[in-house]
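A look at the structure
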Amino acid sequence: RRVLLLGEGNFSFAASVCEAAGTHVVATCYESEEEVSRRGRAAESIRRLRERGAEVVFSVDCTKMTDYFLPEKRGFDRIYFNFPHCGRKSGVVKNRDLLARFFRSSAEVLTEEGEIHVALCNGQGGTPADQPRREWHNSWQIVAVAAGAGFILSNIHPFKAETIQGYKCTGYRSQDKSFCVEGALNHVFTRSMPLLRFKPMICEIELESRKVYFQVPQVLVDKINRGFLELNSCHPVWTVKERLTAELSQAFPLQNIDCCLPLLHQGHLNGVCHSNIFWTHVSPEKTPKTEDMSDELANAVSFSHVDFCRDADKNGWVNVQEGCHTSKQYYLRPSLLPYAQAIIHRRAFLPGTLHVLFGPVFRKCLITPYSMPVFHEMVFVCAVNRGTENSCIQMLVNNIKTSIHSLHKTVSSFKLNINLQEAMSFETAELNDFAAFESQLSEIQYFICMERGISGSCEKGSCVGIIRTAPYELVNGELVFVFASLNLDLLAMLICGISDWRMLWTSDPRFLCQFPRGELRLFKNFSLYPPSYVHDVSFWVPDGQQFDEIAFHTIARQVSGEMVVSIQLIDSFQQPETGRKSLCYRLTFQSCDKALSPQEAAEMQLLFRKEIKKRLYVTLR
């Protein structure tokens, strides 16, 4: 392992690191050898380093490392920079700039899986780990600064100077004086996966016994055909599905519905607002390959689903893409419940058997912590004799609760509450997006709520499933059908302690490597305290038009690549004279798994302003 140490004061830290077996140390400092030799303990530490084969290099600028190390001498596995400082009485702005240039330089000499360790005095970093925590503007903002060079904070722990043999800090105000390191923290940074801009995607499917192609809504390009539920998957969503069905099979005869459920649906879903649907079109031929498109055409295609939704509400579905003509309406399936009902109509069921369907579903929704534009749904259908449906519901719920508790015990000893709540006790505003949408599809009798903690109530966001009996028209003679629908993504999050739904869709291998095939474990976050950036946008709404808030949120998801975590209406104003209405929204940008710099967030905001003006016809203020 090759270790680079920067900004050494008296080389006492480097001498301690040099004792580790299998480590080749390159220790550097900013000053000349003559200046350093006058510091206490420095000469002895340098002698020890050289005796053990370490390299000692003087007059090294940590912001220009490629000037000192040839390409074949780079590739460090770890870089240490303890208590960086511009010297003397420099302020936070200068020290932030020092860190920014240091991280950019480190990116050129660090291995792909290497680590950067930066020790800072208590309060300097500006993270919640600092106690007491400084105000953001008065800190070094180290996580945001590192993000500018493509690094994320992956670990943070106390810097325990007393445990480092022979270490003595020095350099207070550029003098050979020690300083207080009590409460100091060591920040460990790793490389982030790059921010990607996905090209428009065309998907091939079989529909009505013929091969057709459809344009994938741009906000779903990185989430379509991910294969989380395929047989060779090790994703926690797959494991939850497999373990849950295995547990339930001990209480019910169980049959998986093996038929290939179509990704696209045609027609109307009763009670479902068109603005919640991802509309698309089908074509018997492929459109031009996206790599052959001009930037202008590719951009137009990527936003086409917003236009479909708007025109569908006005005039029925209209294809706004030039050169393509069809009169049929298609949309990505928002639920598996219609397919379960179709199976009942075909009488393709066995009384007393629990029939299981599962797969991804797609819904436009507002940006909230528990709202997912795509998730994996599992639906259970059971036919029972009329009059026994309530006992069947109770039996099904009890077994689902027992199965989930069994899964959770393998992961954590933390208390998990699962409750069955009557639907009539909720207002729509109290439901998370999953429950609210299911309520549009059909009358729900019970919600399955799940939370970590001691509360016995069903709080917003905790609904992971619904249970209902079939509506009257589906009742067949003396049989009644009981439906249960579970959100597998929310279940995986709550069982494994994953706080952000976007983490389930990360392409970073540090997520899946925590879940060996068939095992559920408590998730350890590899991106700590990600910085957030706030931007406001205000505009005039077009006269005489209802503002489409879901389209507004969908554009935000799209232009940011799901980096917008919150949109709040902070002001609304209507001119008395003209009746014109002005809205002001506050957007918060934050990534859960990648480095997001202030500059990148600002660029996303500018693109967002441009697109809402173009797509929603608002007048920016």
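Note that the coordinates shown come from a computational prediction; the quantities given were computed from them, not determined experimentally.

One open sheet accounts for 3 strands, arranged β11-β14-β12; its pairing is antiparallel. Lying at the two open borders of the sheet, with one neighbouring strand each, are β11 (264-266) and β12 (279-280).

Here we take up the environment of Asp61. Mapped onto the fold, Asp61 is located in the loop between β3 (55-57) and β4 (76-82). Take Asp61: its relative accessible area is 18%, and that puts it in the buried class. Residues Asp61 and Ser105, 44 residues apart in the sequence, show an inter-C-alpha distance of 9.8 Å. Apart from residues no more than four positions distant in its own chain, Asp61 is found in contact with Tyr30 and Tyr68. Reaching out from Asp61, the side chain makes a polar contact with the side chain of Thr63 at a distance of 2.7 Å.

Looking now at the nonpolar core. Ranked by internal contacts, the top residues of the largest apolar core, which has 88 residues, are Phe214, Leu357 and Ile498. Not counting the four nearest positions on each side in its chain, Ile498 is found in contact with Ala492, Met493, Met503, Leu504, Phe511, Phe515 and Phe523. The next biggest cluster of nonpolar side chains, apart from the first, holds 33 residues, and it includes Leu4, Met65, Ile156 and Phe189.

The strand order β8-β9-β13 describes an open sheet built from 3 strands, whose pairing is antiparallel. The open sheet has two free edges, formed respectively by β8 (202-207) and β13 (282-283), since each of these has just one partner strand. Relative to β13, strand β9 (residues 210-215) runs antiparallel, the two being bridged by 2 bridges. Within β13, the position partnered with Phe214 by the bridge is Val282.

To continue, consider the packing of helix α14 (residues 549-560) against helix α15 (residues 598-616). Taken N-terminus to C-terminus, the directions of α14 and α15 make an angle of 140 degrees; their axes are 9 Å apart at the nearest point. Relative to α15, the element α14 lies oblique. When you trace α14 past α15, the crossing you get is right-handed. For the pair α14 and α15, contact is made by Ala551, Phe552, Ile555, Ala556, Val559 and Ser560 and by Met604, Leu607, Phe608, Glu611, Ile612, Arg615 and Leu616, respectively. Among the residues making up the contact of α14 with α15, the classes are represented as 10 nonpolar, 1 polar and 2 charged.

Within the fold, Val397 resides in helix α10 (residues 389-409). Residue Val397 is classed as buried on the basis of its relative accessible area of 2%.

Moving on: helix α6 (residues 236-248). Between its terminal C-alpha atoms α6 stretches 18 Å, which fits the 18 Å expected from 13 residues at 1.5 Å a residue. Residues of α6 that are buried include every one of Pro236, Val237, Trp238, Thr239, Val240, Lys241, Leu244, Thr245 and Leu248, and no others.

With that out of the way, let us pick up unusual backbone geometry. Between Gln131 and Pro132 the backbone carries a cis peptide bond, its omega angle lying at -5 degrees. Within the secondary structure, Pro132 is located in the loop between β5 (110-120) and α5 (142-147). One non-glycine residue, Phe11, lies in the positive phi region at around 65 degrees. Along the polypeptide, Phe11 turns up in the loop between β1 (2-6) and α1 (12-17).

This part covers the packing of α6 against helix α12 (residues 488-496). Orientation of α6 relative to α12, taken along the N-to-C sense of each, is 95 degrees, at an axis distance of 9 Å. Considering their axes alone, α6 and α12 lie roughly perpendicular with respect to each other. In this structure, α6 uses Pro236, Val237, Val240, Lys241 and Leu244 to contact α12, whose residues at the interface are Leu488, Asp489, Leu491, Ala492, Ile495 and Cys496. Among the residues forming the contact of α6 with α12, the class breakdown is 9 nonpolar, no polar and 2 charged.

About the thresholds
- Residues numbered from 1 in each chain as written.
- Predicted model: local features only at pLDDT ≥ 70, side-chain atom pairs only at ≥ 80, totals over all residues.
- Heavy atoms only, no water.
- Pairing = 2+ DSSP bridges.
- Helix = DSSP H or I, 4+ residues; strand = E, 2+ residues; numbered from the N terminus.
- Buried < 20%, exposed > 50% of the residue type's maximum accessible area, 1.4 Å probe, protein only.
- Contact = heavy atoms within 4.5 Å.
- Polar contact = N/O pair within 3.5 Å; in protein donor to acceptor, adjacent residues only side chain to side chain.
- Core = buried A, V, L, I, M, F, W, Y, C linked by side-chain atoms within 4.5 Å.
- Axes fitted to C-alpha atoms, helices over the stretch in contact; angles between N-to-C directions.
- Parallel < 35°, antiparallel > 145°, perpendicular 65-115°, else oblique.
- Left-handed = near helix turned anticlockwise from the far one by under 90°.
- Nonpolar A, V, L, I, M, F, W, Y, C, P; charged D, E, K, R; others polar.
- Expected span 1.5 Å × (residues − 1).

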